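Results of the structural survey
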Amino acid sequence: QVQLVESGGGLVQAGDSLRLSCVASGRTAGASFLAWFRQVPGNDRDFVSGITRSGGITTYADSVKGRFSISYDNTQNTMYLQMNGLKPEDTGVYFCAALRSLRSIDVRAPTSYDFWGQGAQVSVSS
């Protein structure tokens, strides 16, 4: 199993930056792909960004391309999401998640993931 613990959320103004962290513990080698999802009340969790644990492949939702950057530090077993140029529509609870294996599934679908963090609130005011 893999445990995921998030931190770094907060209240910011439009245009500000935040960096979210997700520390993985347990059998971290069993997580082949990690991702960030965003959820607002009443909605499903939407894919934000994902990365292979090796860091060799990254992918982003169109809404955050050019503003967000995902990375993974294998030494510290920590995934980061650097969020620049934040917009009010970026507001939500951000969850980190991990897959045991990519297999042949849609990495943008939250139902594909095996492990989840507790979530971190990000609020962006205009």
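Quick summary incoming for the structure in this document. (Residues numbered from 1 in each chain as written. Predicted model: local features only at pLDDT ≥ 70, side-chain atom pairs only at ≥ 80, totals over all residues. Heavy atoms only, no water.)

Another point: the state of the cysteines. Scanning the entire structure with this criterion turns up one disulfide. In this model, C22 is linked to C96 through a disulfide, with the two sulfur atoms separated by 2.1 Å. Where C22 bonds to C96 through sulfur, the torsion about that S-S bond is close to 65°, and the disulfide is right-handed. Pair noted here: C22 is in strand β3 (residues 18–26) and C96 is in strand β9 (residues 92–99), with a separation of 74 residues, a long-range link. By the burial criterion, C22 is buried, and C96 matches it. (Disulfide = S-S within 2.5 Å. Helix = DSSP H or I, 4+ residues; strand = E, 2+ residues; numbered from the N terminus. Buried < 20%, exposed > 50% of the residue type's maximum accessible area, 1.4 Å probe, protein only.)

A few words on the nonpolar core. The biggest cluster of nonpolar side chains holds 28 residues, and the ones touching the most others in it are L4, W36, F68, M79, L81, M83 and Y94. Residue assignment for this core shows that the elements contributing at least two residues are β1 (2–7), β3, β4 (33–39), β5 (46–52), β7 (68–73), β8 (78–83), β9 and β11 (120–125). With four residues, β3 is the single largest residue contributor to this core. Excluding residues that lie within four positions of it along the chain, M79 makes contacts with L20, S21, C22, L34, A35, W36, I51, I70, S71, Y72 and C96. Core analysis: the next-biggest nonpolar cluster, separate from the first, contains eight residues, F33, F47, A97 and L99 among them. (Core = buried A, V, L, I, M, F, W, Y, C linked by side-chain atoms within 4.5 Å. Contact = heavy atoms within 4.5 Å.)

Using the criterion set out here, one finds five aromatic pairs in the structure. A centroid spacing of 5.6 Å and a plane angle of 80° characterise the contact between F37 and F47, whose relative ring orientation is edge-to-face. Residue F37 is located in strand β4, and its partner F47 is located in strand β5; the two are separated by ten residues in the primary sequence. Each member of the pair, F37 as well as F47, carries the same accessibility label: buried. With 5.2 Å between their ring centres and 55° between their planes, F37 and W116 make a pair best called tilted. With F37 in strand β4 and W116 in strand β10 (residues 115–116), this residue pair connects regions lying 79 residues apart in the sequence. (Phe/Tyr/Trp six-rings, centres within 6.5 Å; stacked < 30°, edge-to-face > 60°.)

Strands sit in the order β1-β3-β8-β7 across an open sheet of four strands; the sheet is antiparallel. Taken across any chain shown, the strands that pair with only one partner, and hence form the sheet edges, are β1 and β7. When the angles between neighbouring strand axes are averaged without regard to direction, this sheet yields 15°. In this structure, β7 lies alongside β8, joined through six bridges in antiparallel fashion. When the bridges of β8 are listed, Y72 appears paired with M79. (Pairing = 2+ DSSP bridges. Axes fitted to C-alpha atoms, helices over the stretch in contact; angles between N-to-C directions.)

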